[in-house]
Amino acid sequence: MGISRKKWELTIWMTRRGHGTYMDDEKLVASVAGVVERVNKLICVRPLKTRFNGEVGDVVVGRITEVQQKRWKVETNSRLDSVLLLSSVNLPGGELRRRSSEDELAMREYLQEGDLISAEVQSVFADGALSLHTRSLKYGKLGQGVLVQVSPSLIKRRKTHFHNLTCGASIILGNNGYVWIYPTPTEQNEEAGGFVTNTEPVPLSDREVISRLRNCILALSMHKMLLYDTSILYSYESAFHHQIKDILKPEIMEEIIEETRRRILEQEG
Amino acid sequence: YLHVALLFWQQVILCHCTLDDLRVDGRSCEDYRYVEVETDVVSNTSGSARVKLGHTDILVGIKAEIGRPKLDRPNKGCLEFFVDCSANATPEFEGRGGEELGTEIANALYRVYDNERSVDLKSLCITPMEHCWILYTDVLLLQCDGNLFDAISLAIKAALLTPSKIPKVQMMEDEEGTTEIELSDDPFDCVRLNTENVPCIVTLCKIGQRHVVDATLQEKACSVASLLVSVTSKGTITCVRKIGGGSLDPESIYEMIETGKRVGKALHAPLQDILNKEESLGKSREKVGFIG
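Conventions and cut-offs
Residues numbered from 1 in each chain as written. Chains lettered and ligands numbered in written order. Predicted model: local features only at pLDDT ≥ 70, side-chain atom pairs only at ≥ 80, totals over all residues. Heavy atoms only, no water. Helix = DSSP H or I, 4+ residues; strand = E, 2+ residues; numbered from the N terminus. Buried < 20%, exposed > 50% of the residue type's maximum accessible area, 1.4 Å probe, protein only. Contact = heavy atoms within 4.5 Å. Areas by Shrake-Rupley, 256 points an atom, 1.4 Å probe, with all protein chains shown as cover. Pairing = 2+ DSSP bridges. Axes fitted to C-alpha atoms, helices over the stretch in contact; angles between N-to-C directions. Parallel < 35°, antiparallel > 145°, perpendicular 65-115°, else oblique. Left-handed = near helix turned anticlockwise from the far one by under 90°. Salt bridge = Lys/Arg side-chain N within 4 Å of Asp/Glu carboxyl O.

Peer 1: Which residues make up the overall build of chain A, and what values do they have?
Peer 2: Scanning chain A for helices and strands turns up 5 helices and 16 strands. Out of the 269 residues in chain A, the part that is buried amounts to 48%. Considering only contacts in chain A between residues 6 or more positions apart, those separated by 24 or more positions represent 61%. Summing over all exposed atoms, chain A offers an accessible surface of approximately 14700 Å²; the carbon and sulfur share of this is 49%.

Now the structure itself:
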């Protein structure tokens, strides 16, 4: 699905202008390139190239930038750094444990500057900053893997953003445009609550799958295609018989994207 | 260089990747990314080239001016380099932020290119001790994505290889004793520089136990030290320089130089082919430029 840069011109009769539009000679024109959204009479244009505007319930992948008193600052590709409060994380010892001053002093042992985490948006502050929480076993610190940064508007909103792909790797599609690709974990380490990670070397076959997925996701994002598990899987299958490093060459990328588009249309039609 | 915060585990996976010769984007340790070269993009220069290596974007323009030769080299021309780190490349280059990097790159370029072995400087001389051609080379960094030196050297070589519009001149002395410059009437009567010895720079970054060619910003953040090797098309090494704060073992330096020689020698032939193809298209070539 490509986004064209045509000027969307609509008559003003019985419509209300939303964000991303302006009036030009009694015609409603889009001021940004993006997708038109229509809610009853309200017409707005959601731009393609934008910072992440978080909503409650979004899954994000972020990087810790600061460790402050009782909270961490997380970079999530939004206008302001998001906040992860100490009371919003799962500490070892169970959920109902009271946060003591020892916990505050030991914050850096759990999450340091530079660590990657997956979290969910709990609420939005008045100034627009997001408040995150990792109060579930599927969220927490991320271990070995590869991060791919794409535009947030390319991530399709789905019921779940954690996928164990059939090709042999797992991905987390953060709504903020950060996609985390990692080897599928063989057994869950439940007691630690997601803070202990594996340092064993990842086998070569897994790493090949991860590299191929990374290049496919970059190819999809360069052609402005929506990212979700099916589109990523189709592009992986089209790219399977090419060499991993060739996927990013323009001619081969075109081929792969054409085939992915065709298969998606077939599946929908 | 630019500050990229990297998770400890990402460093671990990168080190393991180099051990198995499979980097994050699927390349082997000696593979370059996709390179685009276009020449003659700036119309009022003697030679220009634009190189895109991954997301690194470099624009080089060479202007030939007549000037006085240097005192220690009276019968040779010279090259002058100026590197401009544009603020478009990254916010860190705002204002005077890019000056340090620019001078570092310019100094390395002087070492590599401004000597008799790389460029035939004698052909740039007009009158010994009086007049010579000075090639003012301006390098503009439009976008930074790692591996600046390699891209800059490719661009300089491409700009020098294009039919540089250095006209043939003759100095005439008239009755009053002042010298006059006489240009030939034919606008296409140009001096073409002998560029068979112009080297290409290969940057090798040490990551873990091995070294990689053409490192991205993430890989550069994991490496402690890098080695710059400039290699001619015949495989001769003209300059070796270490950059970065970490230490390198002498054995690994030797290995890195060998790799640099191999990779650098292989760079020249494809570049020459592409430039020959471009030249043969002549006026009918579609110029992509900056908008396309």
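From this point on, the discussion continues.
Peer 1: Let's hear about the pairing of strand 6 (residues 42–47) of chain A: which residues, and what values?
Peer 2: Looking along a regular strand, one sees the side chains alternate between the two faces of the sheet. Residue and element names in this part refer to chain A. Across 2 bridges, the pairing between strand 2 (residues 16–17) and strand 6 is parallel. Counted as the bridge partner of Arg17 is Ile43 from strand 6. Looking at chain direction, strand 5 (residues 34–39) and strand 6 are connected through 6 bridges and run antiparallel. For Val35, the partnering residue across the bridge sits in strand 6 and is Arg46.

Peer 1: I'd like to hear about the packing of helix 3 (residues 148–161) of chain B against helix 5 (residues 250–281) of chain B, residue by residue, with values.
Peer 2: All names here are of chain B. As a packed pair, helix 3 and helix 5 sit with axes 11 Å apart at the nearest point and diverge in direction by 40 degrees. One element, helix 3, and the other, helix 5, form an angle in the oblique class. Like other packed secondary-structure pairs, helix 3 and helix 5 cross with a definite hand, here right-handed. For the pair formed by helix 3 and helix 5, the contact residues are Leu154, Lys157, Ala158 and Leu161 on the first element and His268, Leu271, Gln272 and Leu275 on the second.

Peer 1: Describe the environment of A:Val146, naming the residues involved and giving the relevant values.
Peer 2: The topology assignment puts A:Val146 in strand 13 (residues 146–149). When its relative accessible area of 8% is taken as the criterion, A:Val146 is described as buried. Other than its neighbours up to four places away in sequence, A:Val146 contacts A:Val179, A:Trp180, A:Ile181, A:Ile210, A:Arg214 and B:Val24.

Peer 1: Give a detailed account of the environment of B:Lys122, specifying residues and quantitative values.
Peer 2: Residues and elements named next belong to chain B. Structurally, Lys122 can be placed in the loop between helix 2 (99–113) and strand 5 (125–127). Each C-alpha atom of the pair Lys122 and Arg241 lies 26 Å from the other, and the pair is 119 residues apart in sequence. Apart from the residues within four sequence positions on either side, Lys122 is in contact with Asn75, Lys76 and Glu116.

Peer 1: An account of the pattern of salt bridges is needed here, citing residue identities and associated values.
Peer 2: Residue and element names in this part refer to chain B. According to the stated counting rule, one finds 20 salt bridges over all chains in the structure shown. Residue Arg23 is joined to Glu219 by a salt bridge in which the shortest nitrogen-to-oxygen separation is 3.0 Å. Of the two residues, Arg23 is situated in the loop between helix 1 (8–19) and strand 1 (35–39) and Glu219 in helix 4 (residues 217–222); the sequence distance between them amounts to 196 residues. For the pair formed by Arg23 and Glu219, the shared burial category is buried. Put simply, Asp214 and Arg33 hold a salt bridge, and the shortest N to O gap is 2.9 Å. Linking Asp214 in the loop between strand 12 (210–213) and helix 4 with Arg33 in the loop between helix 1 and strand 1, this pair joins segments that are 181 residues apart in sequence. With a relative accessible area of 12%, Arg33 lands in the buried category. Overlapping salt bridges bring together Asp25, Arg27, Arg33, Asp145 and Asp214 as one network.

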